[in-house]
Number of protein chains: 2
Amino acid sequence: MTKWVYGFGGGSAEGRSDMRELLGGKGANLAEMSNLGLPVPPGFTITTEVCTAFYDNDRAYPDGLDTEVEKSLAAIEALVGRKFGDAKDPLLVSVRSGARASMPGMMDTVLNLGLNDETVEGLAAVSGDRRFAYDSYRRFIQMYGDVVLGVEHYHFEEILEIHKEDKGYVLDTEMDADDWQAVVQGFKKKVDTELGRPFPQDPREQLWGAIGAVFGSWMNARANTYRRLHSIPASWGTAVNVQAMVFGNMGDDCATGVCFSRNPSTGEDRFYGEYLINAQGEDVVAGIRTPAPLTKIEREESGSDLRSMEETMPGVFGELCDIRDKLEAHYRDMQDMEFTVQSGKLYMLQTRAGKRTAKAALRIAVEMCEANVITREDALRRVDPAQLDQLLHPTLDPAAERKVIGMGLPASPGAASGQIVFSAEVAEDWVHSRGHKVILVRIETSPEDIAGMHAAEGILTSRGGMTSHAAVVARGMGTPCVCGAGQVKIDYANKTMMSGGVTLKEGDVITLDGATGEVMLGEVATLKPDLSGDFSQLMEWADGVRRLKVRTNAETPDDAATARGFGAEGIGLCRTEHMFFDPARIISMREMILADTEKGRRAALDKLLPYQRQDFIDLFRIMKGLPVTIRLLDPPLHEFLPHGDAEIAEVANAAGVAEAVVRRRILELSEANPMLGHRGCRLGISYPEIYEMQTRAIFEAAIEVSKDGGDPVIPEIMIPLIIGKKELEILKAVIINVASEVEAEKSAKLEFLVGTMIELPRAALKAGEIAEEAEFFSFGTNDLTQTTYGLSRDDASRFLDTYISKDIFAGDPFVSLDQEGVGELVRIAAERGRKTRSDIKLGICGEHGGDPSSIAFCDQLGLDYVSCSPYRVPIARLAAAQAALKS
Amino acid sequence: MTKWVYGFGGGSAEGRSDMRELLGGKGANLAEMSNLGLPVPPGFTITTEVCTAFYDNDRAYPDGLDTEVEKSLAAIEALVGRKFGDAKDPLLVSVRSGARASMPGMMDTVLNLGLNDETVEGLAAVSGDRRFAYDSYRRFIQMYGDVVLGVEHYHFEEILEIHKEDKGYVLDTEMDADDWQAVVQGFKKKVDTELGRPFPQDPREQLWGAIGAVFGSWMNARANTYRRLHSIPASWGTAVNVQAMVFGNMGDDCATGVCFSRNPSTGEDRFYGEYLINAQGEDVVAGIRTPAPLTKIEREESGSDLRSMEETMPGVFGELCDIRDKLEAHYRDMQDMEFTVQSGKLYMLQTRAGKRTAKAALRIAVEMCEANVITREDALRRVDPAQLDQLLHPTLDPAAERKVIGMGLPASPGAASGQIVFSAEVAEDWVHSRGHKVILVRIETSPEDIAGMHAAEGILTSRGGMTSHAAVVARGMGTPCVCGAGQVKIDYANKTMMSGGVTLKEGDVITLDGATGEVMLGEVATLKPDLSGDFSQLMEWADGVRRLKVRTNAETPDDAATARGFGAEGIGLCRTEHMFFDPARIISMREMILADTEKGRRAALDKLLPYQRQDFIDLFRIMKGLPVTIRLLDPPLHEFLPHGDAEIAEVANAAGVAEAVVRRRILELSEANPMLGHRGCRLGISYPEIYEMQTRAIFEAAIEVSKDGGDPVIPEIMIPLIIGKKELEILKAVIINVASEVEAEKSAKLEFLVGTMIELPRAALKAGEIAEEAEFFSFGTNDLTQTTYGLSRDDASRFLDTYISKDIFAGDPFVSLDQEGVGELVRIAAERGRKTRSDIKLGICGEHGGDPSSIAFCDQLGLDYVSCSPYRVPIARLAAAQAALKS
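Residues numbered from 1 in each chain as written. Chains lettered and ligands numbered in written order. Predicted model: local features only at pLDDT ≥ 70, side-chain atom pairs only at ≥ 80, totals over all residues. Heavy atoms only, no water.

Chemist: Got a minute to help me understand the sheet that holds strand E2 (residues 12–13) of chain A in this structure?
Modeler: The pairing of strands in a sheet happens through backbone hydrogen bonds and is either parallel or antiparallel. Residues and elements named next belong to chain A. One open sheet holds the six strands; their spatial order is E2-E1-E3-E8-E6-E7, and the pairing between them is antiparallel. Among the strands making up the open sheet, the edge pair consists of E2 and strand E7 (109–113). Examined bridge by bridge, strand E1 (residues 5–9) and strand E3 (residues 43–46) share four bridges and lie antiparallel to one another. What sits directly across from Val 5, in E3, is Ile 46. Sitting on the sheet, helix H1 (residues 20–35) touches E1, E2, E3, strand E6 (93–99) and strand E8 (238–244), and the angle it makes with E6 is about 120 degrees. (Pairing = 2+ DSSP bridges. Helix = DSSP H or I, 4+ residues; strand = E, 2+ residues; numbered from the N terminus. Contact = heavy atoms within 4.5 Å. Axes fitted to C-alpha atoms, helices over the stretch in contact; angles between N-to-C directions.)

Right, dumping it as structure tokens:
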């Protein structure tokens, strides 16, 4: 029979840390800490399989669950020495969710469960603190009412506010036991009015209600959004942890806190954390009170005037330091821990691998490896490639003038500038509909704000600490964040913020420095990142492990040089059309398009030739003999034509034709579906002279560069958008013909490859024949995705969100390669291509080439290289290494 | 060693009729006639393999060819008793091309070869007719000059015209021997001037020149166009036939003619043909003189004042009748024969299966089958399904008023109306660029006019007979044609035609009746075709043989009824969007699109429901219980919105919103690539209420129709444009929910199927999963072709011709299914779909469903049905039968 419930506590447990699929992360680690003999309040975990069964069976529990829960509850009672529901000395419990992957703040929690009109008096008596007992009771009703009964938060807050006003109180601390008791009466009455039935007094009814609410919360809108953003399948389910309560709010010998075994922002190997005296754990996480530093040195460095735990509770602090060492050594990774001190006794409530910035992740991985705690392979696996993005982007130029108007906690590093907005909805709207860059400014953030936080360049809050919701989420996303900037006054109603004597309104620009906590007026200049040290060390290890080569998509010397700096091993996609938009060239380009005859087109192309040749000379010099894949002209010609009246007149004038001629040509060239129109090699077939000019430019450049004594260049000439072998055959002949001409003219010998993009389903299917002509394939997965899905990237935004939210798309198929559909075509093409030509070079140059999961797929298929934008090159190097380790 | 040359004549031959791949059609049949002992002038055939070798070896002949030609030439000399180049009694030969498939008039021919300044005198002496000898010589120089030496035709005509003017002659018959001799001198001088070398006098040089020219003509532009239009591969090559000359122009006991063993226009089993006394064969084919009827009855029926061959040459006519019987019995098919009578002796120059109209094809096939000459299967194979099209289109309403302004020969049946144009180029331009319907009016047509003839609705010539170029080509194309309408005076320069006292200019409308030869002013009303008799007999046989069901694509009651009349076995595609363009409905449709809220949309949809329900009631009643597949809304919503200012104002007014709102919505909905945009089931996912309304209309209609006591309807509801299983899962749930509602409301039980279009590559690949939900697949091969090729049908026209002419496309992939690319996806989807659900219904509803070769492919894949436009239903029935016979 399936076991539904796993107990822990008292120095042992039924579960282990490797059972996180079954017990969730929290449950598995509570079990592990118990096994390690750490002070964990006893409890039990209801498995994720119960969650799955719950949803499979129309929200009914599996048979036998109630018996197992009763048994486990009895075990807690035995360990704690209190009875659940005992009027004299009641056992109280917390009920918390705990999924396989951490989903901070996404699901619901109920504390102090087991309190009722009777047991509250017992708690008062036992604790000797009636105020504490009734405060706990009102917290319980508030949480339970909200989470389980669906009575919204504001109902309770209103009652409390009215009571405080009546009494003339400002702070909660002014409330005494009678006040809380009165408030409890008000709360219970409200529940009765709202629901038409009284607040449940039976602790067992309370318990099952809370368990049901946690399972229910797995499918709420917030959780669904979070899972979507983090690619967590709904099928995983959550576990429920029921655990004996310990109280950090029973007096000044009580405390609660969160700590990291190393600094999660820098990765420095120094104990790091925050705590609050006389508080419940949720107070730290929610950021309602600004917590104090854990260590003395931290307090000193930050200049905080709050006393550190090291100073206020040295004994307990010492115990905590030991536990830190023990846990990090045990898990061989940086730990994020929660603890509570009840009447001077330390309890551990949670441990898990800590979220960290990319910088921290790198440093921790490299240092742990160098300390022989973990292997190189472990180190490579520990860093999320996507996170590296944070390190690659510019930071603020120290020399740039900064008009600092405020200061908060450096919650997530990086520099960000943008227009300020005051709600997550506006952030989303401005970014997605208007294409603006925004800074989301909030007093504090909550899980409902996730999508807006994602859209923003940076996040600024006026309340909350380094472990507040805003800080944790921003670090996970790699979004710069400044937290708890107390002097920033935010007025949601008028959409303004005041800080440093300046009042800013919605749309004004600020800059955040997530590494220092500074808030600055306007946009501040930035500097390129430093990629030495841990970064280059890890990259070196990655390069030693990976099989896939990493190239870059680049056409400007700037991009090419940047990519080389990031370790690109060649250019996988040089889009030649980008080279024609330069003002000096677009005129000749348009002249070519407007020409009626081949002769006219050739005359215009002759003017473009020297520019294009110089483009390639520059690129070849930068790439120093590394492979350079050059795609011949791809976009439809109408993309080069002007749109406005003035520009049309200008073009007509420059080309020496009537405006009507330009207008007619624009009309002639306009297309119903340009994506599926006269573009790619179809242009080369219609106007071979264009490809002749481009090929000539490539060959002349190659000869020029090798004359310099530069490394010999073997250009890879790539024909786009073919649908079968014949187009390639025709255009390859054109290329070879130009090569012979240039060889004769320059008395030189050329080496080059001719290959093709595989970016249409038909090309993938016909790859076997195409490989008879093609010396390489480059998978253009952007267009391949568009045609395989029948989905225009330009138009998809209108329904992409709906498709993701309805689980039709697991994610944006233009970001992560659809391995089942598009991927099958890639696989077919690779197999058929290799069957014809066993040594055919295979690469990918769609934007998927910089996406870690797509890179893993390319590695599986045995492609030779991926090519991505310059800033994604390091990501690709690490992802390729991880893929190699997996296989 | 390969044998390059095959001789024939003298009652035997080295070849046979089944060697047409090697010898070409003409050569194979000349051999066969020789074997049958028919009077064939001796000759030899140089094989198509020589042509292939010629092009493979850079236009060089294979070794040994010259020896074989010499040997075969000697054999002719022996049989004829004359020597090639003999000054006294020279052997003259014709050199003609002969490809595997007939390509009338496409390639070049040289007659009277072997004449030179010496032999012409020998011919004069032997024939006793110096005028004939020099006329033959000038014809030879003219043809040879044009075909082999590239001296254009008009040079020679000019010399002849000047000579006639000088002499004051009007007709060629006024020219005597000296005149022709003088003209010959002029011709030779012209050749010398043009080429800088004299006209070749050596008969062997002449022969090899002509052979080379015939092989060369295989690749000329005309031949390439013809092959492209008729899907003949260039690799087939042509053979060359060299044959002893016989002369139909040596006096009034000479003649030449063309005849058909049955009437090629009606199929009637009556000998039918035309001849000219004292003429060369080319005179009949070129339509320069209007020939006389072959038989007396024909002469009487047509009221011709020319005497029939039956009357002028009864003996030879009797011989010809015997040969007709012999050849038709031998070949078991209607024959098209060419003959020449030289000094009272009959020679057969050609026989082949005769081209025929669809009507004739049907009648011949049915009658030969009923006479037990051929089997039913043969009869079914004999009729080209595509040709049936001719019979299905309207003919002129006999009751309609006709203003007849002219009369010609009924050269190709059918009625056609259109604007007159006087050149093939204008015809092409008006049709392709302006979308006009045109009638091509020419004095006579030539192979250069092919493309324009294809574009025209009908063809009218003022010169030429039933076997003239215009007539033969028009019948092949199924284009109505009136030939040799002598009273029609055509003025190319002024672009006018005068006939029956009316002068018409370019762009005026006329109507042709190709069945009667009438030319009428303006557009004349038409009638539906009669499909009884031979047609229904053949269709009945086809239905007995075919496995594939044939459905129709129809949404209007008219189309549905037409298709039923043509034998459709259900509706395979009912495109519901077409139902919304009716003025009464488009208003509500636009109201729906303009609505901001689901409530607003539902209000508008409620207004559309009764219309849509009535649509389905009508269709269900017409289809009487046959399956009806209804596709839910497919096109992007912007297709329903107005474009012009006035219309926008009207819509705004009707919807009670500001014009700006309408404009904003139009802008919001506009798409970069509508083909890949927010359409198909993506609309159903975004706005389920639309699909709910449509489904409700279907179900309510089904119940309504069965209440009437009509046949129970099992609607097949089809979801378009899915990319995977999930969309179908979501939308199927919507449909099932509506079904339950309607069942409850109407206390009725519904039967229905839910299935999907497979029209995107991803859907084809994921067909296995999709079949878990789909009860049927319908292959939407239009969109599947667009996405598989990355080719927009709307935009492809710009380069489609280039692609076809460069052999990249074998034909238009939107007409005939690309079996290699798109076809592989269809195959994959069919296999995967059946693996999941063995009894899944499979059909095709793209326009390929009416294309014979695509139907054959569908049959091979074992699909259950094809669906096509109503007028293609009979074509599909026959094609399906042929496909079944093949397998």
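Next comes the rest of the account.
Chemist: Which parts of the structure should I look at to understand the pattern of salt bridges?
Modeler: Two side chains bearing opposite charge may form a pair once their charged atoms approach each other closely. Residue and element names in this part refer to chain A. Counting across every chain of the model gives 145 salt bridges over all chains. For Arg 352, the salt bridge identified is with Asp 336, shortest N-O distance 3.2 Å. Remark: Asp 336 occurs in strand E12 (residues 335–342) and Arg 352 occurs in strand E13 (residues 345–353); sequence separation between them is 16 residues. On the accessibility criterion, Arg 352 (25% relative accessible area) is partly exposed. You can call Asp 336 buried: its relative accessible area is 7%. (Salt bridge = Lys/Arg side-chain N within 4 Å of Asp/Glu carboxyl O. Buried < 20%, exposed > 50% of the residue type's maximum accessible area, 1.4 Å probe, protein only.)

Chemist: Even after reading the chapter, I still don't get the UniProt feature "domain: Pyruvate phosphate dikinase AMP/ATP-binding" (unreviewed entry) in chain A, so can you show me in this structure?
Modeler: As annotated by UniProt and renumbered to match this structure, "domain: Pyruvate phosphate dikinase AMP/ATP-binding" (unreviewed entry) occupies residues 66–297 and 319–367 of chain A. With 47% helix and 35% strand, residues 319–367 of chain A has end C-alpha atoms that lie 25 Å from one another. (UniProt positions renumbered as here; feature names shortened; annotations may be inferred.)

Chemist: Looking at this structure, how should I read the packing of helix H21 (residues 557–565) of chain A against helix H23 (residues 598–623) of chain A?
Modeler: What describes two packed helices is the angle between their axes and the distance between those same axes. Residue and element names in this part refer to chain A. With their axes 10 Å apart at the nearest point, H21 and H23 run at an angle of 10 degrees to one another. By the angle class used here, H21 and H23 are roughly parallel. When H21 is examined against H23, the residues Pro 557, Ala 560, Ala 561 and Arg 564 are found in contact with a partner set consisting of Asp 618, Leu 619, Ile 622 and Met 623. Broken down by class, the residue content of the contact of H21 with H23 amounts to six nonpolar, no polar and two charged. (Parallel < 35°, antiparallel > 145°, perpendicular 65-115°, else oblique. Nonpolar A, V, L, I, M, F, W, Y, C, P; charged D, E, K, R; others polar.)

Chemist: Is there a simple way to explain the relation of the copies chain B and chain A in this structure?
Modeler: One copy of the chain maps onto the second through a rotation about an axis and a displacement along it. The transformation that overlays chain B on chain A combines an axial shift of 0.5 Å with a rotation of 179 degrees, and the residual RMSD is 0.4 Å. Both copies of the chain, as the preceding transformation shows, are related through a two-fold rotation axis. An overlap of 100% is found between the interface residues of chain B and their copies at the interface of chain A, pointing to a shared contact surface. (Least-squares fit on C-alpha atoms with pLDDT ≥ 70 in both.)

Chemist: Is there a simple way to explain the interface of chain B and chain A in this structure?
Modeler: Each side of the interface is counted separately: chain B has 48 residues, and chain A has 48 residues. Together, the buried faces of chain B and chain A total about 4,300 Å²; carbon and sulfur atoms form 56% of this surface. When the area that chain B buries against chain A is broken down by residue, the three leading residues are Leu 676, Arg 762 and Arg 798 of chain B, summing to 15%. For the pair chain B and chain A, the interface holds six salt bridges. A salt bridge links Arg 832 of chain B to Glu 824 of chain A, with the nearest nitrogen and oxygen atoms 2.5 Å apart. In this assembly, chain B and chain A are joined by 28 residue pairs in polar contact (both at pLDDT 80 or more). Residue contributions to the side of chain B that touches chain A peak at six residues, all from helix H32 (residues 793–805) of chain B. Partitioned by chemical class, the residues of the side of chain B that touches chain A number 19 nonpolar, twelve polar and 17 charged. (Buried area = accessible area lost by both parts, 1.4 Å probe. Polar contact = N/O pair within 3.5 Å; in protein donor to acceptor, adjacent residues only side chain to side chain.)

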